[in-house]
Amino acid sequence: MILGMTYYEICMYFLMYSFLGWCVEVVYHALVVGKIVNRGFLNGPVCPVYGFGMLAVCSMIHFIPKNAATGEVNVLGVFFGGMILATAVEFVAGYLLYHLFHARWWDYSDKPLNIGGYICPLYSVLWGIGCVIVVKYVHPLVQSASDVGIPEKYGWPIMLVLYIIYFIDLIATVLTVAGLNRKLKELDGLDKSLRTVSDHLSEAIGGTTLKTSEKVGEARVQGALAKAQLADAAGEAYEKSQIRRREKKAERLERREETQRLYQEAAAESRQKVEETKALLLEKRDAILAQLSSHRAFGAERLFRAFPDMHHRDYGETMDRLRNYLSERREKRDRG
């Protein structure tokens, strides 16, 4: 036995409370948000943090003084002990998830006296109240079902199958989150490239127009200088000056037209290359978004539905844009 529990009880309690915790999350989300969503980190109907939390509380029960007459544990002891243990489990889970996957799955930063956004007094009190309810009313039923309702000769094979599924689900979810991180990195890089391309396009159009204007201005200055030179050379023969004036004017016009043509061609070529690059980047981005939204029950879209306030440490803006995209796409699907 470990802390008053057999190995069989430990394995059974973990599965049962993981499932019951998932049920609580689904019901809570349905009542508060009005939507039924798989609220677990894993794809299956389990929330491991509840399993670990209740194992800690069940272990604590054996160290809390009991009423000599009734044999029941002290309610205040369960409340404060459960509050501390559940809060500690929540903090550790949030901290590990954040540093392993670089994402914050829940965030209490807007709550008073929160610690790092992982925990806050409000939810700690709720955990304490929940632990009292579970210890007094739920755990006796779970304990009875584990010890009497499911004999060990049947329980172990059933749990073996369930834990294998549990492990496969864990691996699949970890791979999904790792893949999401890679896609976020790609999307972030594509967004930066698109901004750079747009800047280049603006520079290509604006810069070329400016240079063309400068060249035209230079031609006008040269024309004014030529007129001044002609005025200074008034003593020359009239016919000769007129011929020379017409020739220079023709040369200036020709150079100006050639300059405009060259810059317009360069601008058109530059715009075409930039637009082709932009189209390629948009195509890659659309392919990634389509891949991320291809499955509603599994993958990235399920995680966004389960954790609508999830934030990424490195790609916060990209994750927000992806969340909005998936939400809009989901609304269109529901309407269609």
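Residues numbered from 1 in each chain as written. Predicted model: local features only at pLDDT ≥ 70, side-chain atom pairs only at ≥ 80, totals over all residues. Heavy atoms only, no water.

Colleague: A description of the overall build of the protein chain should follow, citing residues and the corresponding values.
Modeller: Helices and strands together make up the secondary structure of the protein chain, namely eight helices and two strands. Secondary structure elements of the protein chain, listed N to C terminal, follow the sequence α-α-α-β-α-α-α-α-β-α. For the protein chain, buried positions account for 36% of its 336 residues. Nonlocal contacts in the protein chain, meaning residues at least 24 apart in sequence, comprise 73% of its contacts between residues at least 6 apart. About 20300 Å² of surface is accessible on the protein chain, with carbon and sulfur atoms providing 63% of the total. (Helix = DSSP H or I, 4+ residues; strand = E, 2+ residues; numbered from the N terminus. Buried < 20%, exposed > 50% of the residue type's maximum accessible area, 1.4 Å probe, protein only. Contact = heavy atoms within 4.5 Å. Areas by Shrake-Rupley, 256 points an atom, 1.4 Å probe, with all protein chains shown as cover.)

Colleague: Lay out the packing of aromatic side chains with the relevant residues and their values.
Modeller: What characterises a pair of aromatic rings is the spacing of the ring centres plus the angle enclosed by the ring planes. This structure, assessed with the given rule, holds 17 aromatic pairs. Taken together, a centroid distance of 5.0 Å and an interplanar angle of 80 degrees make the contact between Phe79 and Phe80 edge-to-face. Given a relative accessible area of 18%, Phe79 falls into the buried group. Residue classification places Phe80 among the partly exposed positions, given a relative accessible area of 44%. Taken together, a centroid distance of 6.2 Å and an interplanar angle of 65 degrees make the contact between Tyr95 and Tyr118 edge-to-face. Here Tyr95, found in helix α3 (residues 75-101), pairs with Tyr118, found in the loop between β1 (103-104) and α4 (121-149); they are 23 residues apart in sequence, far enough to count as distant. (Phe/Tyr/Trp six-rings, centres within 6.5 Å; stacked < 30°, edge-to-face > 60°.)

Colleague: Tell me about the pattern of salt bridges, and please be specific about residues and values.
Modeller: If you walk through the whole model with that rule in mind, you get eight salt bridges. Here Asp191 makes a salt bridge to Arg285, at a shortest N to O gap of 3.8 Å. Residue Asp191 is located in helix α5 (residues 152-232), and its partner Arg285 is located in helix α6 (residues 238-292); the two are separated by 94 residues in the primary sequence. Exposure remark for Arg285: the relative accessible area of 26% places this residue in the partly exposed category. Put simply, Asp314 and Arg313 hold a salt bridge, and the shortest N to O gap is 3.1 Å. You can call Asp314 partly exposed: its relative accessible area is 40%. (Salt bridge = Lys/Arg side-chain N within 4 Å of Asp/Glu carboxyl O.)

Colleague: Talk me through the nonpolar core; I want residue IDs and the actual numbers.
Modeller: What tends to happen in soluble globular proteins is that the nonpolar side chains get buried as a cluster. The biggest cluster of nonpolar side chains holds 56 residues, and the ones touching the most others in it are Phe41, Trp105, Met310 and Leu322. Mapped onto this core, the elements with two or more residues apiece are α1 (7-33), α2 (48-61), α3, α4, α5, α6, α7 (299-306) and α8 (316-335). For this core, the element with the most residues is α5, which contributes nine residues. If sequence neighbours within four positions are ignored, Trp105 has contacts with Phe41, Leu97, Val177, Leu303, Phe307 and Met310. (Core = buried A, V, L, I, M, F, W, Y, C linked by side-chain atoms within 4.5 Å.)

Colleague: Give me the lowdown on α8, citing residues and values where you can.
Modeller: Its 20 residues place the ends of α8 29 Å apart at the C-alpha level, agreeing with the 28 Å of an ideal helix rising 1.5 Å per residue. Among all positions in α8, only Thr318, Met319, Leu322, Arg323, Leu326 and Arg330 are buried. Within α8, the buried residues cover an arc of 135 degrees as seen down the axis, which keeps them to one side. Away from its buried face by more than 90 degrees, α8 exposes Glu317, Lys332 and Arg335. (Expected span 1.5 Å × (residues − 1). Arc of directions from axis to C-beta.)

Colleague: Can you tell me about α3, naming the residues and giving the values?
Modeller: Because the α-helix completes a turn every 3.6 residues, residues three or four places apart line up on one side. Its 27 residues give α3 an end-to-end C-alpha distance of 38 Å, which sits within 8% of 39 Å, the value for a rise of 1.5 Å per residue. Of the residues flanking the start of α3, the one acting as N-cap is Asn74, its side-chain oxygen 3.0 Å from the backbone nitrogen of Leu76. Note on α3: the residue one or two positions beyond its end, His102, has a positive phi of about 60 degrees. (Polar contact = N/O pair within 3.5 Å; in protein donor to acceptor, adjacent residues only side chain to side chain.)

Colleague: Summarise unusual backbone geometry; cite the residues concerned and give the values.
Modeller: For His102, which is not a glycine, the phi torsion comes out positive at approximately 60 degrees. Inspection of the secondary structure assignment puts His102 in the loop between α3 and β1. In the Ramachandran plot, Leu113 falls in the positive-phi region, its phi being about 60 degrees despite a non-glycine side chain. Relative to the helices and strands, Leu113 resides in the loop between β1 and α4.

Colleague: Please provide a residue-by-residue account of the packing of α1 against α4, values included.
Modeller: Interhelical geometry of α1 versus α4 gives an angle of 130 degrees and a closest axis separation of 11 Å. Taken together, the axes of α1 and α4 lie oblique to each other. Crossing of α1 against α4: the hand is right-handed. Contacts between α1 and α4 pair Tyr8, Glu9, Met12, Tyr13, Met16, Tyr17, Leu20 and Tyr28 from the former with Tyr123, Val134, Val138, His139, Val142, Gln143, Ala145, Ser146 and Asp147 from the latter. Its residues placed into classes, the contact of α1 with α4 shows 12 nonpolar, three polar and two charged. (Axes fitted to C-alpha atoms, helices over the stretch in contact; angles between N-to-C directions. Parallel < 35°, antiparallel > 145°, perpendicular 65-115°, else oblique. Left-handed = near helix turned anticlockwise from the far one by under 90°. Nonpolar A, V, L, I, M, F, W, Y, C, P; charged D, E, K, R; others polar.)

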